[in-house]
Every structure is written in C-alpha cells, then in structure tokens.
Amino acid sequence: MEAGKFPMSVVPKAKSFLLNNIPPAMWAYLRKERHVWESQFRKNKKSLGGAIRSRSFSKALFSQVRKDTVVWESFSGNGALCNPEAIFRRMLDDPNYQKFRHTWVLSSKASDSRFKDEFKDNARVSFVKHKSREYYEVLETSEYLFNNATFPTEFIKRSDQTYVNVWHGTPLKKMGYDVDGGAADARNVLRNFMSADYLVSQNSFMTEQMYLKGYKLNNVYEGAIIEEGYPRSDSMFGSDAGGAARRVLRENGILTAGKKVLLYAPTWRGDSFYKPDADASRLKSTLQKLQNSAALQGWVVLLKAHQVVFDQLVDDPEIAKFLVPNDVPANEALAITDLLVSDYSSIFVDYLATGRPIAFHIPDADSYADSRGLYMEVSELPGPVSTTTDELLDHVKAIIGAGGLETEFAVEGQRYAKLSAELTPRDDGEASARIIDIVFGQNEADYNVRRDFSDGRRKLMIYLGGMLTNGITSSALNLLSELDPEIYDVTAFYRHSNQLERQQNASMIPNHVRHVIRDTGILQFPLLGSMQKFEQAAVDNLANDESDSQLWEMEWRRLFGQASFDAAVDFSGYAAFWPRIFTNGRVGRKVIWQHNDLEADAEREINGKKPHYRNLHGVFKLYQDFDALVSVSPDLRDINQANLAAFAPAEKFVSARNTINVERVRAGGGRSKAQNTDAGTRDLSNLADVIYELGQLYSYDELIVEASRQQLVTQFIGDRGGRTFVTVGRLSPEKNHARLVRAFADVLADAPESKLVIIGDGPLAPELKQLAVSLGISGSVQFTGRLRNPYAVMSACDCFVMSSDYEGQPIVILEARVLGLPVVVTRFGSASSAMEGSGGLIVERDEESLAEGMNAFLSGNVGVEPFDGDAYNREVVDEFTEVVFG
C-alpha cells in the first residue's frame, strides 16, 4: 500500500498499522493528538502518510552511506539534461570509474524517455522517481550527489557524502537577493549551496555575481568553487558534435543534415519560476515569420523552449513542428546551430564558445528588465537587438549575408569577442573530465578551484521569533538595522509563512542581512516526538540521548548546511523548538534574550489557562546550554536572575537594552519638509490637475507619504479642539488598557474636549471597546487597530501614556521620546530606565494615580527633555556586542 493511502475500510486498524510502522517518539506524538486525527481521519491521511515517509527517511539517515554510488538529478527530474548528463556520460565511459553505480532521478513525465531506453539494460545505471520514498532513501545513502538546480527542502547532506551543485547557467537575470524581495524564493537555493561541497562555476563573473553576492555565500559557504568551464558545453565540440540531436530530430521528422539551422531559444516569462508563462501566441508568430523569410529559405528553424514551459507547448501542433524535444540537451542543439536567436537566456553564454553569431530578440525588453532585473544591459549584449519581428528579420538577413556579424555589426562583434573571453574561457570540450578529476580524483592542485570565502566579519545568526507584529519583532528589526554590515555578517533565521502580516515584517529585514527560512521537513514528526519527551522530563533529569542530539544536528545541517557562526542568538526566547536546532549546530557562543519577567509570563492566566507555561518551561530547561541569558534592562535582569535561579547560575544573567529605529520613527512621524519656491499660485478646482501640478513640483513618493500621514491624522484625531493622549501596544492583559480607559474617563470629567487614541490590536479589543461604551466615553476614545506607520498618529498627538503592569523594555516610550512627546507611565519594573532623563512622569499602577498623571500633563506639569536616539543606539550596540561575543 502506498504511504498515506488508507481506504476508510481500514480505519479501525489504523492504530495497529501505525504502531508497526512508526517509531516510539513519533507514535507518542500522534497518540497525544489522537483526538484530532481519529475524529478527522480523512483530513489527516496526509499527515499520517508523512509520518510513515518520515520513518523511511529517518532510517536512511542512520543507514550507512553506500560507497561508489552516484545520484544524478537535473531540473527536479525533468530529464537527464544539462551539466549532470554531460559529466555522467564522460564518467560512465571512463575506465577509471567502472566500479561506480549510478542512479538517475526522473519525474513521472520524464520516465518514458529516450535516455531511459538507452540505459535500461546497463547494470550500472538505475532510475528512481522524483520525490518517491525510494528517492529519499537513495538520496540519503549515496556517496556522491550531482544536481544542476536544487534538491527538495527535505534533503539533508550527510558528512560522508559529497554534493556537487552544477548550476544550470551563467545568470543574466538577477538572482537570489539581487531580486527585490527575493529572499523567500531563494531560500532552498541558498540551503542547497550552503550544503554543497563543490559549486561549479562557468566563469569568475558567475562566481562573484551569483554565488558570492546574489546568494550571499561569503562567510557561510565552506566548500569549494570550481571554475573549469561548463560540462554541458563539451557536446558542442568534437567530431560527432550534435550527432545525437540530429538523430532525434530526424526521428521526429525534422531533417537537418546538410542544412543551415537557426535556433530560437528564449527564456521563460512570468512572475515566478514556479508559475511560468510560455506566451505561445507570440512564439508562434515569431517562428512563422522566420520560417517564411526569404533570407532563410533552405534553413531549418527550430525552437528550444525552456524546460519549465516545454509542457505548455508540446501539444500545440503549430509549435510542435519547430520544437526540439525536451530530452535533447540544449547544448546538443547548439552544436548544430549556425545562428542563435535568444534573449536573456543563459544559453547564449554557452554559444559564445562556438564563435558563431547571435541575434537578440527582446520585444519586452523594458518591462522584463523592470520586473525581474538584469545583470547586463541591452547595450552590452554581443549581437544586434530587435524589439519587433520585422527588425529581427532585418538583423538575421544582415548576419547571414556575406559580411557576417563582425562586418555588419562591428560594435556587437567586439562585444562578442570580449564576452567570449570573459564568460567561456574554459569551455573547450574537456570540462567534464576536469571536474571528474577534481571531485573523484581529489586533484584540486592542477585546476582553478577556489576555497576560503571568509572576509573577516563576525558571523552572527539571529532567530527572530514568529515574525508577528509585536514588541519582539519590532525590536529584532530595529537591531538588524543598527548592526554595521561592515563589521557583522548577519543571518536572520525564521520560519516560512504565507501569512501576510509575517511576510510584511520579513520584508522589513535590511537588505544586507541573509535569510535562512525554515520550511517543514520530513523530520518534523520525530522532532516533535523529541520535543514531547523533552517537555515531560524534569530539569535535573534531561536525557543525554545521542540519537536525539543527532536528530537535531541533522535538522541544523538541513537548514544551514556546512555553515558555522561565531555566535547565535535566540532573540525571541519563548519557544524551545528553535534553540534546540542551533544549540546542536556549528555555533560558537549561544545567547538567548529575555524580554519580560518570564516567570510571571509563564504563570500568567488568560481565560483560566496559562498559554506560555509549557513553552517557557521548555526554554528554561535549555538555559544550561546557553552562554548568556540577556534581559533587556538591568532591572529586568535582576528580576529574571532571582526568579529563574534554579535554571542557571547568576553570572549567566546579563542585560543589553533594545535598539530603536530612529530613522523610521522620524520619517514616519515627520511632517513633510519638502518645499519648492517655484510653486507659485495654482488652481485647485480640479483634483486631477492638482495632482499633476504637484507631481511637477515634488516626487510622487513624497506626495504619497505625506497624503498617507495626513489621512491617518485626520481619520484618528480629527478636530483638534482638545489635547490628545496616545498609547501604542498589543491589546493584551499585561498592558492593562482597561485601567487606562477608566482613568481617562475620570480625566474627561474635568477636560471634556480631551481625546484618547489607542493604537494596536489584540485579544482584548472587543472587551475594551465595550468598556468605553459602558463608561459613556466611546466618542472620545479612538481605537485605530494595528497601523503600519503608528508614528504619523503619535506625532500628531500631545502626550504619550502607558498603563502596563510589566514590560521588558518599553521601546515605544523611547520612540515617543524621539518624537518629542511628553510621557506619563505606570511604575512597572523597567519604567525608570526607559524614562531616565525624559522629564516625564511615573505614577503608581492604579486608576486614580494614572488619572492624576494625565491631569498633570493637562496642567502643564509634565515636561519633555531632548533625547538623542542615535547616541542611545550606539551605546546599545556596544552592549549587544559585549553580551553576544563576550
């Protein structure tokens, strides 16, 4: 029976089936959750199947690696293509490597292929279906692994395996972090690269621009980069170059012998590699006009589609007659090509090694460059560029005439020679042999193999937490903005989420920061089983289980490959799962943050439950594995040191304050200072004309920012008849907004024109709104909900007020001080350090005292002192460096 396929007739036997197929830790976890999956069996078939696949995967991970075995994969099994296919053929024929056994990964669509037929009777070659249970087993037990793209997120490279990533082309399109917002799409590519022992690079441009810069591999890649040319280009050289392609095309009714060949090879379009757009109508029109061109009479016109869009085209009869089959490697087709027509596809880089001409056809040049981003401008391409089909035909006619590229397009011809020397310096037909000698022959000395990509910066990994909008996330983002990228190489660690709020927060991570984004893997079930055992164990009886440590160490390697860090920080400090990953990883100092009185948080009840008790007590048990426990204020350090003494010695408890994003606060809260003395007098009677006129005087970005600010101020403050108090924070019990609302009701008795603006959202929002109604003050209290830019509203108010029972370090007080607001707060543990030198007022934690404090502001008895946020941040970064690096 296939894993996960359980007919309802066997539901009563499910428990017995699981007991026989799932190890104890996983079964314990599932048994605990049986009330969920037994009552909703159909919904949980996928999870149960995943647990069984996890059993097979875990078994493979702990099995011995089989010597002299190689796994080959191209484009997630879409065929035996590209660099892996070239190296495989060379190695299979080499008498020095006859003892090796080879496994090719093919998808369901690619399993019925000429390649498989060619090797079906070869005892040394076998095939496995992509992402099958057997796939994962062979992937984790073979000695050598080759891939021209990425292995899936579940893959864990073992220490006694050798992984060679032979990426599928010199990029002309921007890659990785060079793409705006590209971190999420790059996550599995980065993971694969950090896991690899060798990265194959066609040239130094690819090494520097893609590997080291585009994917930020400096400092975290500990393997080698081979710059010895591209194996796939080998097929373009030799006496039988292109012979295989001609034979396949002949079988498909396309005769090329004795004829000139024009190959059209555009790249894919669309917003995502995973959702490409073939644009079939434009392809058909271009191909038809090329075929009908008088200049190309007697030529064969072919189309080599990018493998991600091939399936969209193969069944179209108007395209099929031009289409090179997907299982014909692109370089085989290039070998028979006399004139290449392409765009920003990396295929043209390979073709430079032939010396034959290229014409570029990019009808969407402007939009394509804007949407994707390019490393090479149109003006730098090594051939004439057309945007219309008629223009393309003119270029083709000129190239195939007597003069050729060098005569008819002299400037482009010079570019061709220059780029050929730079991008294909080692594409000579022997690249596969050199790479085999390096990887299998362990002979690096005779070749261009680069190692050691450290640049001397301190390597820091920071787990950011759940990335929900809260004080911890805000503080983490502020910290990342303040860490000098010239000193620190920073990696942000967090989980992947499709939730918009988390994505928006992740998008605020500074550009210089590397992202390691965790997707759930097959090991999730045993990891959860391990967590259950850990949570049940007493702090003085934590098992030292070697297999359990290996499990978490494997999860580290799955995510971070062979990377190591000088220090790792759990900036959240609220869940044991995440620090268990990096306390078993290649990390120097390990540091965990304490943002609140954590014992109080663990014991805090909401609706009769203690939501943080279980997770926080799990964290407390891990304190023994950390070098420092960092509270966010000295006062809070003393509280946590006293309350958590059973879990760590006193010297581990230290403090470092949180940074503030001064620039963001100022920019968000500031009234636009843009001025234009040439504005003169304008007619305001027509809105469209007004916007046009303003656009001539100011940038549209400036207009949008200022309009958004004024909209917020007008919406939430309105008529400025009285003074306005403002507070910011999650609407949750520890903030005690109810006390603030009641105190404000007392203030209104003497100052009825006053207003209170409450910025934030949370579980107590309905209750607080009802309280304002019941007190008869709802018309004077404005609940804004969560705002992306709270500073616009804060800066338009008159006094900041906070009514918390406890806070770790109230960053929002410091933000209010940056905006120049007077501050009134209740006396919680860390209030005094945040208010030091502010000129503000600290009152007792009761309604009467808070109302008196607010009235004191209205009477002019609460002042405000200047606050240098930049100087504050410099002090805090020094504190951070001291506690993290020691």
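Conventions we followed
Residues numbered from 1 in each chain as written. Predicted model: local features only at pLDDT ≥ 70, side-chain atom pairs only at ≥ 80, totals over all residues. Heavy atoms only, no water. Buried < 20%, exposed > 50% of the residue type's maximum accessible area, 1.4 Å probe, protein only. Helix = DSSP H or I, 4+ residues; strand = E, 2+ residues; numbered from the N terminus. Pairing = 2+ DSSP bridges. Axes fitted to C-alpha atoms, helices over the stretch in contact; angles between N-to-C directions. Contact = heavy atoms within 4.5 Å. Core = buried A, V, L, I, M, F, W, Y, C linked by side-chain atoms within 4.5 Å. Patch = residues over 30% accessible without salt bridge, like charges linked within 9 Å, V, L, I, M, F, W, Y side chains within 5 Å. Areas by Shrake-Rupley, 256 points an atom, 1.4 Å probe, with all protein chains shown as cover. Salt bridge = Lys/Arg side-chain N within 4 Å of Asp/Glu carboxyl O. Parallel < 35°, antiparallel > 145°, perpendicular 65-115°, else oblique. Nonpolar A, V, L, I, M, F, W, Y, C, P; charged D, E, K, R; others polar. Left-handed = near helix turned anticlockwise from the far one by under 90°. pLDDT = per-residue confidence, 0-100. Polar contact = N/O pair within 3.5 Å; in protein donor to acceptor, adjacent residues only side chain to side chain. Phe/Tyr/Trp six-rings, centres within 6.5 Å; stacked < 30°, edge-to-face > 60°. Lys NZ or Arg CZ within 6 Å of the ring centre and 35° of its normal.

This part is about the pairing of strand 23 (residues 724–728). Taken across its five residues, strand 23 has five buried, putting it largely inside the fold. The two faces of strand 23 match: T724, V726 and V728 on one face and F725 and T727 on the other face are all buried. Pairing of strand 23 with strand 24 (residues 755–759), which is carried by five bridges, proceeds in the parallel orientation. Across the sheet, residue T724 finds its bridge partner in strand 24, namely K755. Bridging between strand 23 and strand 26 (residues 799–802) involves two bridges; their strand directions are parallel. Paired with F725 across the bridge in strand 26 is C799.

With that settled, the discussion passes to the sheet that holds strand 23. With parallel pairing, six strands are arranged side by side in an open sheet as 25-24-23-26-27-28. At either end of the open sheet lies a strand with only one pairing partner, and these are strand 25 (781–785) and strand 28 (841–843). When the angles between neighbouring strand axes are averaged without regard to direction, this sheet yields 20 degrees. Across the face of the sheet, helix 35 (residues 811–818) comes into contact with strand 23, strand 26 and strand 27 (823–826) while running at roughly 170 degrees to strand 26.

Our focus in this paragraph is helix 35. By the criterion of burial, helix 35 is predominantly enclosed, with eight of the eight residues buried. Following helix 35 by one or two positions, G820 has its phi on the positive side, about 80 degrees.

Moving on to the sheet that holds strand 4 (residues 142–147). Here eight strands make up an open sheet; going across it, the order is 3-2-1-4-5-6-7-15 and the pairing mixed. Two strands bound the open sheet, and with one partner strand each, they are strand 3 (125–129) and strand 15 (449–450). Relative to strand 7 (residues 224–226), strand 6 (residues 198–200) is paired through three bridges, and the arrangement is parallel. Paired with Y198 across the strands is A224, a residue of strand 7.

What follows concerns the nonpolar core. Counting 136 residues, the largest nonpolar core has L217, F440, L460, I462, W593 and Y623 as its most contacted members. Once residues lying within four places of it in the same chain are set aside, the contact partners of Y623 are I592, Q594, L598, L629, L644, F647, A648 and K652. Among the nonpolar cores identified, the runner-up in size contains 56 residues, and L262, L296, L334 and L352 belong to it.

This next bit is on the side chain of S631. With respect to the secondary-structure elements, S631 resides in strand 21 (residues 628–631). Overall, S631 belongs to the buried group, its relative accessible area being 0%.

Let's shift gears to the pairing of strand 11 (residues 300–303). Side chains of strand 11 alternate between two faces, with V300 and L302 and V301 and L303 buried alike. Of the pairings in the sheet, the one linking strand 8 (residues 261–265) to strand 11 comprises four bridges and is parallel in character. The residue of strand 11 that forms the bridge with V261 is V300.

This part takes up the environment of V690. Of note, V690 is situated in helix 30 (residues 687–697). Residues contacting V690, with those up to four places away along its chain left out, are D683 and L684.

Once that is clear, we can look at a nonpolar patch on the surface. On the surface, a cluster of nonpolar side chains totalling about 610 Å² of accessible area is made up of L687, I691, Y692, L694, Y700 and I704. Elements supplying a minimum of two residues to the nonpolar patch: helix 30 and helix 31 (700–716). Ranked by the residues each element gives to the nonpolar patch, the list is headed by helix 30, at four residues. By the element assignment, I704 lies in helix 31.

Before going further, it helps to examine the packing of helix 23 (residues 524–536) against helix 27 (residues 613–622). A pair of packed helices is characterised by two quantities: the angle between their axes and the separation of those axes. It is at 9 Å that the axes of helix 23 and helix 27 come closest, and there the two elements cross at 80 degrees. When the axes of helix 23 and helix 27 are compared, the pair comes out roughly perpendicular. Here F534, E535 and Q536 of helix 23 come into contact with helix 27, specifically with R614, G618, K621 and L622. Class assignment of the residues belonging to the contact of helix 23 with helix 27 gives a composition of two nonpolar, two polar and three charged.

On to the packing of helix 32 (residues 737–750) against helix 33 (residues 765–774), then. Direction vectors running N to C along helix 32 and helix 33 enclose 15 degrees, while the axes themselves pass 10 Å from each other. With respect to helix 33, the element helix 32 is oriented roughly parallel. Regarding helix 32 and helix 33, the two cross each other, and that crossing is right-handed. Within the contact between the two elements, helix 32 uses H737, A738, V741 and R742 and helix 33 uses L768, L771 and A772. The class makeup of the residues in the contact of helix 32 with helix 33 is five nonpolar, one polar and one charged.

So, about the confidence of the model for the chain. Mean pLDDT over the chain works out to 89, with 88% of the residues at or above the 70 mark. Between residues 1–12, whose pLDDT stays under 50, and residues either more than four places distant or in other chains, the model counts 17 contacts. Confidence drops under pLDDT 50 across residues 36–43; counting only partners more than four residues distant or on other chains, this segment forms 15 contacts.

The next point concerns the environment of K173. Within the secondary structure, K173 is located in the loop between strand 5 (162–165) and helix 8 (183–195). Residues K173 and M376, 203 residues apart in the sequence, show an inter-C-alpha distance of 8.0 Å. For K173, the side chain forms a polar contact with the side chain of T267, separated by 3.2 Å.

If you check the backbone angles, K216 has positive phi at about 50 degrees while not being a glycine. Its place among the elements puts K216 in the loop between helix 9 (204–214) and strand 7. Phi angles above zero are rare outside glycine, and D452 is one such case at about 65 degrees. Mapping D452 onto the fold places it in the loop between strand 15 and strand 16 (458–463).

Turning to the packing of aromatic side chains, a few remarks are in order. What the rule picks out here adds up to 44 aromatic pairs. Look at W72 and W104: their rings are 6.2 Å apart centre to centre, the planes differ by 25 degrees, and that puts the pair in the stacked class. Within this pair, whereas W72 is found in strand 1 (residues 66–73), its partner W104 is found in strand 2 (residues 101–106), the two being separated by 32 residues in sequence. Each member of the pair W72 and W104 is classed as buried. Pairing W556 with F565 gives two aromatic rings, centres 6.0 Å apart and planes at 90 degrees, and the pair type is edge-to-face. The structure contains a cluster of three or more aromatic residues connected by ring pairs, namely W72, F88, Y97, F100, W104, F115, F119, F127, Y144, F146 and F440. If you follow K216 out to its NZ or CZ, it ends over the ring of Y177, 5.2 Å from the centre. One residue, R580, lies across the ring of F534, its end atom 4.6 Å from the ring centre.

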